[in-house]
Each structure stands twice: as structure tokens, then as C-alpha cells.
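Observations on chain architecture
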Amino acid sequence: MKILGIESSCDDSGASVVENGVKVLSNVVSSQIDIHNKTGGVVPEVAAREHLLNILPVIDSALKKANTDLNEIDAIAVTKGPGLISSLIIGTQTANVLSIVKNKVLIPVHHIVGHIYSNWLDIEDEIVFPVIVLTVSGGHNEIILMRDHLDFQVLGESRDDACGEAFDKVARILNMGYPGGPEIYKASLKGNENAFKLPKAMLEKGSLDFSFSGLKTAVLNEYLRYIQMNNIKEEKDLSEKFKCDISASFQKACNEVLSDKVIMALNQYPEAKEIHLAGGVSANLNLREMIKSKIPNSLKFRFPKSLKYCTDNASMIASAGYFIYNSRKESCHSSSNIIPSTDFSM
Ligand code: KG4
Ligand code: ZN
């Protein structure tokens, strides 16, 4: 079964064709990074206008790269939310129209469910349930127990900023560009992770929730102290050493909390057979290494097969769409007229 995936929840216009939920035939993303770099973050109106320009060429290119056309596509899966409403509307309305005109089944996909299925892309073996999934992105942060396909129990989530959002905000404080995650990671390689003692919010005993806003404020306070002590007037005068040391210390604090919470989830649900990492921050190699070093060797640890499946992409949406269609055929129709929503159930 060939599914066309469409993703437009934030600042990437994505389209892709995936066969049977696993085999990626094409994965096209038109990134808006250069545009949003100028403002240090995403301006929703600007993002929506870019989606409008890019969505049809991106779909066209995904079909061509997969050596197929719309007539050969069995269904269309589209991100229904959560995300920026003006961005989501471009993807959902495009999918609605294509499904009506071409009489294709339309499958709405929750964005986080999409990220969870990024671990199915291009794999050759079978995933064994139950799975503990840590999703870490710019807009969301959860620990989920997945007992079977589409059977999700949210064990914990962020009470304030998502981890990726904290990476982006810290990079903004340090004038390091957008998105912040990759910049902080690069700087951390040259920094001393023990240079600053930053808070790790573990919350109440046994809680699998997250909180990153205190850590972000602690970085801001270190920054203010540093510029005052060194009489720095402009961000460009921040020393490389300060930027690298604070990046490494911040990243360590984030990743220790994330990996410790995975271990806590595992202690609470020892029946788990696999640990999965998903979402934009799963691209962070330090986080991968830290989780791997803490979990027993007997557990399979997965993260997306390619870095391009970590951040927003349409292949993960097409994959999730395949498993949704297989379990709930009766509720997937053509001309369903999908409207953006944040309902996790489907
Ligand atoms: O999943 P995603 O593309 O979008 C959302 O659903 O939010 O995640 C984007 C987030 C951004 O906050 C970005 O800074 C972060 O993923 N990110 C990283 C890395 N690459 C991207 N964070 C840490 N280390 C990275 N290497
Ligand atoms: Zn995402």
C-alpha cells in the first residue's frame, strides 16, 4: 500500500511516499530555516505563506522521486495537529482537495503519533511491544508506553517548555541562530560540561513529567552575570569559551533529566522490550549516547534511522497513516474534510 504523506505543522513543508508504513520511496522537505533565522524563531504568518508557495511543488517532487503519480497512490495521510494553525490549514486543505478530486482515502495523523512512527521508517526487523517512547521536540515532550500499534499511554509530559524549545531559547540568549539544538550541540563539543552547575528538575518522586523552564532561566541568569562581570555591551563580544561551556553544561542538564526519566519509566514498566527516542532532539548524539549507556544491553534501543526522520518530515506521517488505516479502515474516507485538531486518539 502506497501512502502520500503531507506535513505542514510548523516551518517545514514535507511530502513523501511510503510503502506499507516502512519503505520510504521519497522524502521531500522544503525547509524555511533561512527565513526564520532572521527573526530568531518562527513567525506563523510568514511560515503559512511559505507553505502556500511550497506545498504543491513539494508534493509533485515527492511523487516524481518515488517514480509514481497520484493515480497510483492508495491513500493520503496528513498532519491534523497540533501545530501552528495557519500552517496546518495549508497541509490539511491541500490533502482535502486532493482526496476529493482523486477520490483517495484521507487519514488524519496526530503529529506526535507521526514522530513515534519515525522509528518504523526503513527498518528491516520487527519492533517488539511494549515499547517505551521518549518524544522530544520543539513543541512537545512526552514519555509514552506503547503496548501495541496505536495503543498509547502517556506516562509523562512537559509542564512548561518542551526540551527543544529550551534548546532554541538558550541559543537565542547566546545569539547562536535558529534552530538552536544543532548549534548548541556543535558548541558543546568544544565546551566543558561541568563548567556551570545548572538545575535538573526531576519534580516529585516518581513523576515522569518534565520541566525545562527553570533550567532556561538559570542559563539566562548565568549569561546576565557573565556580561555584567565582563562589561559586555553586545552579544557578539561573548567569548567562544563562555558559549561553548554554557552550551555543554545546559545540554548535559537536559539530557541527564531525559535519560533518567527513561530509566524511571523502565523501572515502573519493566515489561518493556524496546526503548525508542523520537522528535527533533533525537538528533542529539549526546542524548543517544547517554540513554544507551544507562539502559540494559538486553533492551533494543532505537532512534530514527536517518537524521532527516528526526525533525519534522512527511514520511513519519505516511507511516503512522498506514497503521491507522489498517486498524480503523471504516473511519477513513475520501472527502473526510479534515480540520486541524489536537485529538491524540487518532
Ligand atoms: O520535531 P521537530 O522538527 O519539530 C517539532 O515538532 O517541534 O523538532 C525541532 C526541535 C527544535 O527545537 C530543534 O532545536 C531541535 O528539535 N533539534 C535539536 C537537534 N536538532 C534539532 N536539539 C538538540 N540537538 C540537536 N542535534
Ligand atoms: Zn515535530
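Bear in mind that the values here come from a model prediction, so they are computed numbers and not experimental data.

**With respect to the coordination of the zinc ion (ligand 2)**
Only H111 (NE2), H115 (NE2) and D312 (OD) from the protein coordinate the zinc ion (ligand 2), and they sit 2.0 to 2.1 Å from it. Read in sequence order, the donor residues for the zinc ion (ligand 2) give the motif H-x3-H-x196-D. On the criterion of sequence distance, the pair formed by H115 in helix α4 (residues 111-117) and D312 in the loop between β10 (300-302) and α10 (315-327) is long-range, its members being 197 residues apart. Judged by its relative accessible area of 16%, D312 is buried.

**Points about the domain arrangement of the protein**
You can read the domains of the protein as domain 1 (2-119 + 308-334) and domain 2 (126-304). Listed by partner, the interface residues are 23 residues for domain 1 and 26 residues for domain 2. Here domain 1 and domain 2 share an interface that buries about 1900 Å² over both sides, 68% of which is from carbon and sulfur atoms. The interface formed by domain 1 and domain 2 holds six residue pairs in polar contact (both at pLDDT 80 or more) in total. Elements with a minimum of two residues in the side of domain 1 that touches domain 2: α1 (33-37), α4 and α10. With six residues, α4 is the largest single contributor of residues to the side of domain 1 that touches domain 2. The residue inventory of the side of domain 1 that touches domain 2, partitioned by class, reads ten nonpolar, eleven polar and two charged.

**Some thoughts on the pairing of strand β7 (residues 141-148)**
Most of β7 is tucked away, with six of its eight residues classed as buried. The sheet contact formed by strand β6 (residues 131-136) and β7 spans six bridges and is antiparallel. The residue of β7 that forms the bridge with V133 is I144. Taken together, β6 and the strand that follows it, β7, pair antiparallel across an intervening segment of four residues. Sheet topology places β7 next to strand β8 (residues 151-157); six bridges connect them, and they run antiparallel.

**Some thoughts on the site of ligand 1**
In the vicinity of ligand 1 lie 19 residues, with S137, G138, G139, D168 and G181 positioned nearest. Within the side chain of S137, one N or O atom sits 2.7 Å away from an oxygen atom of ligand 1. Here an oxygen atom of ligand 1 and a backbone polar atom of D312 are 2.9 Å apart. In isolation ligand 1 has 560 Å² of accessible area, and contact with the protein removes 90% of it. Mapped by element, the contributors of at least two residues to the shell around ligand 1 are α4, α5 (163-173) and α6 (180-188). Across the shell around ligand 1, the residue classes break down as five nonpolar, twelve polar and two charged. Of the residues that make up the shell around ligand 1, three or more belong to each of domain 1 (2-119 + 308-334) and domain 2 (126-304).

Conventions we followed
- Sequence order sets the numbering: in each chain, residues are counted from 1 along the sequence as written.
- Chains carry letters and ligands carry numbers; both start at the beginning, A for chains and 1 for ligands, and go up in the order they are written.
- With pLDDT at 70 or above as the cut-off, local features in this predicted model cover only qualifying residues; side-chain atom pairs require 80 or more to be listed or tallied, and sums for whole chains, interfaces and linings still use all residues.
- With hydrogens and water excluded, all non-hydrogen atoms of the structure serve as input to the side-chain values.
- Here a donor is an N, O or S atom found within 2.8 Å of the metal, or within 3.2 Å if the metal is Na, K or Ca; sites may look incomplete because water is not among the atoms.
- Labels follow the DSSP assignment, with helices taken as runs of H or I lasting at least four residues and strands as runs of E lasting at least two, numbered in each case from the N terminus.
- Partly exposed residues are those whose accessible area sits between 20% and 50% of the maximum for their type, while under 20% is buried and over 50% is exposed, using a 1.4 Å probe and protein chains only.
- What counts as a domain boundary in this text is fixed by an automatic or database domain assignment.
- We call two residues contacting when some pair of their heavy atoms lies within 4.5 Å.
- Buried area: the accessible area, evaluated with a 1.4 Å probe, that two parts lose upon being put together, summed over both parts.
- Polar contacts, as counted here, are pairs of nitrogen or oxygen atoms within 3.5 Å of one another; within protein the pair requires one atom able to donate a hydrogen and one able to accept it, and residues that are adjacent in sequence qualify only if both atoms are side-chain atoms.
- Residue polarity follows a fixed list, in which Ala, Val, Leu, Ile, Met, Phe, Trp, Tyr, Cys and Pro are nonpolar, Asp, Glu, Lys and Arg are charged, and the others, Gly among them, are polar.
- Whether two strands pair comes down to DSSP finding at least two bridges between them.
- One heavy atom within 4 Å of a molecule or strand makes the whole residue count as near it.
- Accessible surface is estimated by sampling points in the Shrake-Rupley manner with a 1.4 Å probe; for residues, cover comes only from the protein chains shown.

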